[in-house]
There are 2 protein chains.
Amino acid sequence: MSHRSADFTNLLNTTKKLLSDLMSIPQNYDVMFFHGGGTGQFAAIPLNLRALSKNVENPTADYAVTGSWSHKAMDEGAKYIHTHKVFDIKKPFVTVPDPSTWNTNPEAAYLYYCANETIHGVEFQEPPTSLPGVPLIADISSNILSRYFDVSKHGMFFAGAQKNVGISGVTIVGVQKDLIGHQQPHTPAVLSFKEIHKDNSLYNTPCSYGIYITKLVLEWIRDLGGVDELEKRNKTKASLIYDLIDSSEGFYRNPVDKKYRSRMNIPIRIKEGDEALEAKFIKESISRGMISLKGHRSVGGIRASLYNAITIDETQTLADFMKEFMEEHKN
Amino acid sequence: MSHRSADFTNLLNTTKKLLSDLMSIPQNYDVMFFHGGGTGQFAAIPLNLRALSKNVENPTADYAVTGSWSHKAMDEGAKYIHTHKVFDIKKPFVTVPDPSTWNTNPEAAYLYYCANETIHGVEFQEPPTSLPGVPLIADISSNILSRYFDVSKHGMFFAGAQKNVGISGVTIVGVQKDLIGHQQPHTPAVLSFKEIHKDNSLYNTPCSYGIYITKLVLEWIRDLGGVDELEKRNKTKASLIYDLIDSSEGFYRNPVDKKYRSRMNIPIRIKEGDEALEAKFIKESISRGMISLKGHRSVGGIRASLYNAITIDETQTLADFMKEFMEEHKN
């Protein structure tokens, strides 16, 4: 099937419409599909928006670094723009300084944050506020469509599809139309907002099959009741695990500040990091069909990822196992 | 499934091994999977190889422009390097000047060509020869694994997977290892040979499902007898159509120099471009279940694309229909 056929264009536009409806994306935004994942956008953002900085001699951008992903975004961004951290917290990332205290720059091309840090389990409950004239940019790769997200507060948002909206290879980008067209001359076409917008995401062959899968996922979300219903389910799921952790008298521990605890990714340590016991937990969980509970290699421990596809029942199964394991190993 | 899981790493390495075996890729090459399609590589190539030009003040690269795709590659490349056409033929692209007459530059960072131009149906039967010390680079997106391809004559080759090796979203890149590590500082990580090589194509989440599909296609090719068998079939398929065209006394016409006729894509005009008759042909072909015979919008007419997935029987069905249509409309 040609990606320029009427059939595929129809599929693409239906997918855009479904996403726009589910996320209440205002008319003055375009939704685009890129190649390159979130990591591609880490470069695309400064390449496309550097010219917006009011500091013409040394264009600058603000970054809220709350975990590995925002850190990577800033490192990649530094190839193209002077990057500035609006606060300086060190590892381990377990909280976010109150946004009212952030050292933001009115000359910044944009203010960047990661709405949910998958590795550290740190999630913003509300978007921060950027200074007037400074577009706010959110990486929502790991919590898109899991909760209400106010698009209108953002100049741009993006998400790799593989957590909540389909398979890897599709990158969803929503951008306010007046932020399109400011790209640097050396922006690769595949990362240019202008080129991808101009041809309705058909500048080159998109990840067609992946977009088809995204359409199926969006229809599933629409049919089950939309983002409101998913948010309800996700709150329930997260409570099942956090309540158990908090009542475990230190057997399980989640290190994140309660105000910033993620509903999607819950890092867990057992007995303050008893690695032998954690390894036993992971081994037993696999034997019960729960196969991806190992924490990210950079932080260790256990991580429960409760993406949209995970049901309340499945989460209950995990909670039951955690309880059983605790009772067996508490002393 | 995490892209860093043992299961996925195993799948990735198996896919690389299958491709290396089928294409006889020498040990001093790495096979990588990129995001971004061929269009991403159009930028990646000069970004990664510009430093190889012996003209340090004005780094330059040679391009053989034989159709739309090599033209696009050169246009995108011109963002990053001084591009130079090794010959200057104008549209319509129907032949290639003999490589011995090309005006190549010993200081070029590389010599670039497109092995098969899908829109114009112009295919190299042999790779051209580059000057000593100048790596030869081939876009083999639309004829990979359709015929013997001598990797060892090339510094690098690449192919979007969607014609002969799977679904769009996967870009296969083969590069001589000593050409890795010369990238410009401003190369986006997702387009950097160094970054993607270093992490065995796992710098960021690759198009995992697409790589799985590629693996299935490669196993299918291996099991049917490899590239030799496919080349035999492709010769037979192409002959079925070209023989009919050549014996049609001008009813059908393929404008390409016989020495450069493509086995994969056969552009066809009816009665020197009788558009009403061509539209009738396309309409009738669709009613017989042949749904993608319309020529590319930039050249019109008809195009038969005989990629690996098309069987000899299917090609015979097309030839039979063409014959029938000709008999009905010859006068």
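Residues numbered from 1 in each chain as written. Chains lettered and ligands numbered in written order. Predicted model: local features only at pLDDT ≥ 70, side-chain atom pairs only at ≥ 80, totals over all residues. Heavy atoms only, no water.

1. Quick look at the overall build of chain A
For clarity, the cut-off: Where helices and strands are cited, they refer to DSSP runs of H or I of at least four residues and of E of at least two residues respectively, numbered from the N terminus. Here the radius of gyration uses the C-alpha set of atoms, whereas the globule reference equals 2.2 Å times the residue count to the power 0.38. Only protein chains enter the area calculation, which uses a 1.4 Å probe; residues under 20% of their type maximum are buried, those over 50% are exposed, and those in between are partly exposed. Contacts: residue pairs with any heavy atoms within 4.5 Å of one another. Areas reported as accessible are Shrake-Rupley estimates using a 1.4 Å probe. Residue values count occlusion only from the protein chains shown. The convention is simple: Lys and Arg are positive, Asp and Glu are negative, and His and the chain ends are not counted. Lys charges are placed at NZ, Arg charges at CZ, Asp charges at CG and Glu charges at CD.
Within chain A, the regular secondary structure consists of 8 helices and 12 strands. Taking 331 residues into account, the globule formula puts the C-alpha radius of gyration at 20 Å, and chain A, at 21 Å, falls close to it. Taken along its principal axes, the extent of the C-alpha atoms in chain A is 65 × 45 × 30 Å. For chain A, with 331 residues in total, the buried portion stands at 57%. Of the contacts formed within chain A by residues at least 6 apart in sequence, a portion of 68% connects residues at least 24 apart. Total accessible area on chain A stands at roughly 13600 Å², and carbon and sulfur atoms take up 51% of it. Taking the average place of the 37 positive charges on the side chains of chain A and the average place of its 38 negative ones, the gap between the two points comes to 2 Å.

2. Describing the sheet that holds strand β11 (residues 265-270) of chain A
Residue and element names in this part refer to chain A. Test applied: Here a strand pair is declared whenever DSSP counts at least two bridges between the two strands. Simply put, an axis is a line fit to the C-alpha atoms, just over the touching stretch for a helix, and the angle between two N-to-C directions goes from 0 to 180 degrees.
An order of β10-β11-β12 is seen for the 3 strands of this open sheet, with the pairing classed as antiparallel. Each edge of the open sheet is held by one strand with a lone partner, namely β10 (252-253) and β12 (302-305). The pairing of β10 with β11 spans 2 bridges and is antiparallel. Of the residues in β11, the one forming a bridge with Y252 is I270. Along the sheet, helix α6 (residues 226-246) contacts β10 and β11; its crossing angle with β11, the most-contacted strand, is approximately 20°. Helix α7 (residues 275-287) contacts β10, β11 and β12 of the sheet and is inclined by roughly 130° relative to β11.

3. With respect to the domain arrangement of chain A
All names here are of chain A. Rules: Domain boundaries shown here were taken from an automatic or database domain assignment. When two parts are brought into contact, each loses some accessible area as probed by a 1.4 Å sphere; the total of that loss over both is the buried area. The rule for a salt bridge is simple: a side-chain nitrogen of Lys or Arg has to be within 4 Å of a carboxyl oxygen of Asp or Glu. Here a polar contact is recorded for every N or O atom pair within 3.5 Å, except that within protein the pair must consist of a potential hydrogen donor and a potential acceptor, and residues adjacent in sequence are included only if both atoms are side-chain atoms. Residue polarity follows a fixed list, in which Ala, Val, Leu, Ile, Met, Phe, Trp, Tyr, Cys and Pro are nonpolar, Asp, Glu, Lys and Arg are charged, and the others, Gly among them, are polar.
By the assigned domains, chain A splits into domain 1 (6-224) and domain 2 (226-329). Domain 1 and domain 2 are separated by 28 Å when their C-alpha centres are compared. Contact between domain 1 and domain 2 buries roughly 2300 Å² in total, counting both sides, with carbon and sulfur atoms accounting for 53%. The three residues of domain 1 that bury the most area against domain 2 are V94, I119 and L224, which together make up 23% of that side's buried surface. The interface formed by domain 1 and domain 2 holds 0 salt bridges in total. There are 14 residue pairs in polar contact (both at pLDDT 80 or more) connecting domain 1 and domain 2. Listed by contribution, the elements that provide at least two residues to the side of domain 1 that touches domain 2 are β6 (122-123) and α5 (208-224). In terms of residue count, the dominant contributor to the side of domain 1 that touches domain 2 is α5 (4 residues). The class makeup of the residues in the side of domain 1 that touches domain 2 is 14 nonpolar, 10 polar and 4 charged.

4. A word on the nonpolar core
For the record, the criterion: By nonpolar core we mean a set of buried residues, namely Ala, Val, Leu, Ile, Met, Phe, Trp, Tyr and Cys, connected to one another through side-chain atoms within 4.5 Å.
Membership of the largest hydrophobic core comes to 98 residues, with the highest contact counts inside it found for M23(A), I140(A), L145(A), M23(B), I140(B) and L145(B). The contacts of I140(A), once residues within four sequence positions are left out, are M23(A), A115(A), F149(A), F157(A), F158(A) and A159(A). One finds A61(B), V190(B), L191(B) and F193(B) within the second-largest nonpolar core, a separate group that totals 32 residues.

5. Regarding the interface of chain A and chain B
Taken together, the 29 residues of chain A in the interface contact 29 residues of chain B. Both faces considered, chain A and chain B share a buried interface measuring about 2400 Å² in area, 56% of it formed by carbon and sulfur atoms. Where chain A packs against chain B, one counts 0 salt bridges. Taken together, the links from chain A to chain B amount to 16 residue pairs in polar contact (both at pLDDT 80 or more). Every element with two or more residues in the side of chain A that touches chain B is listed here: α2 (37-49) and α5 of chain A. Among the elements that take part in the side of chain A that touches chain B, α2(A) stands out by supplying 4 residues, more than any other. Across the side of chain A that touches chain B, the residue classes tally to 12 nonpolar, 13 polar and 4 charged.

6. Some words on the relation of the copies chain A and chain B
Note the cut-off: The copies were overlaid by least squares, fitting only the C-alpha atoms of residues that reach a pLDDT of 70 or more in each copy.
Superposing chain A onto chain B takes a rotation of 180° combined with a translation of 0.0 Å along the rotation axis, leaving an RMSD of 0.0 Å. Considering both components of the superposition, the chain copies are consistent with a two-fold axis. Residue by residue, 100% of the interface of chain A is reproduced at the interface of chain B, so both copies engage with the same surface.

7. Some points on the sheet that holds strand β9 (residues 171-176) of chain B
Backbone-to-backbone hydrogen bonds pair the strands of a sheet. The strands run either parallel or antiparallel. All names here are of chain B. Strand order in the open sheet formed by 7 strands is β1-β9-β8-β7-β4-β2-β3, and the pairing between neighbours is mixed. At either margin of the open sheet sits one strand with a lone partner, and together these are β1 (29-34) and β3 (82-85). Adjacent strand axes in the sheet meet at a mean angle of 20°, parallel and antiparallel pairs treated alike. Alignment of strand β2 (residues 60-63) against strand β4 (residues 111-114), held across 2 bridges, turns out to be parallel. Residue Y63 lies in a different strand from β4, and its bridge partner there is Y112.

8. Some words on the UniProt feature "domain: Aminotransferase class V" (unreviewed entry) in chain A
Stated formally: UniProt positions are given in the numbering used here, feature names are shortened, and annotations may be inferred rather than shown by experiment.
Here, UniProt's "domain: Aminotransferase class V" (unreviewed entry) annotation points to residues 1-317 of chain A. Helix makes up 33% of residues 1-317 of chain A and strand 15%. Its end C-alpha atoms lie 42 Å apart.

9. Thoughts on the side chain of S248(B)
Within the secondary structure, S248(B) is located in the loop between α6 (226-246) and β10 (252-253). When near neighbours in sequence (up to four residues on either side) are disregarded, S248(B) contacts M326(B) and K330(B).

10. Focus on the pattern of salt bridges
Residue and element names in this part refer to chain B. Per the counting criterion, the structure on display carries 37 salt bridges over all chains. Across the salt bridge formed by D30 and K16, the nearest N and O atoms sit 3.3 Å from each other. Placement of D30 in strand β1 and of K16 in helix α1 (residues 6-23) is noted, with a sequence separation of 14 residues between them. Classification of D30 by relative accessible area gives buried; the value is 9%. Two residues, K232 and E229, come together in a salt bridge whose shortest N-O distance is 3.9 Å.

11. Quick look at a nonpolar patch on the surface
Keep this limit in mind: The patches reported here contain residues having more than 30% relative accessible area and no salt bridge. Joining distances are 9 Å for like charges and 5 Å for nonpolar side chains (Val, Leu, Ile, Met, Phe, Trp, Tyr).
A surface patch of nonpolar side chains, about 480 Å² in accessible area, is lined by Y209(A), Y212(A), L216(A), Y209(B), Y212(B) and L216(B). Only α5 of chain A together with α5 (208-224) of chain B provide two or more residues apiece to the nonpolar patch. Within the element layout of this structure, L216(A) appears in helix α5.

12. Quick word on the pairing of strand β7 (residues 136-139) of chain B
Residues and elements named next belong to chain B. Here β7 shows two buried faces, one formed by L136 and A138 and the other by I137 and D139. Of the strand pairs in this sheet, β4 and β7 are connected by 4 bridges, and their pairing is parallel. Across the sheet, the residue bridging to C114 is D139, located in β7. Here β7 pairs with strand β8 (residues 156-160) via 3 bridges, running parallel. The residue of β8 that forms the bridge with I137 is M156.

13. Considerations on unusual backbone geometry
Glycine aside, residues mostly have negative phi angles, and peptide bonds mostly take the trans form. In this structure, L145(A) takes a positive phi of about 65° despite not being glycine. Relative to the helices and strands, L145(A) resides in the loop between β7 (136-139) and β8 (156-160). For S24(B), which is not glycine, the phi dihedral falls at a positive 50°. Tracing the chain through its elements places S24(B) in the loop between α1 and β1. Owing to a relative accessible area of 54%, S24(B) belongs among the exposed residues under this scheme.

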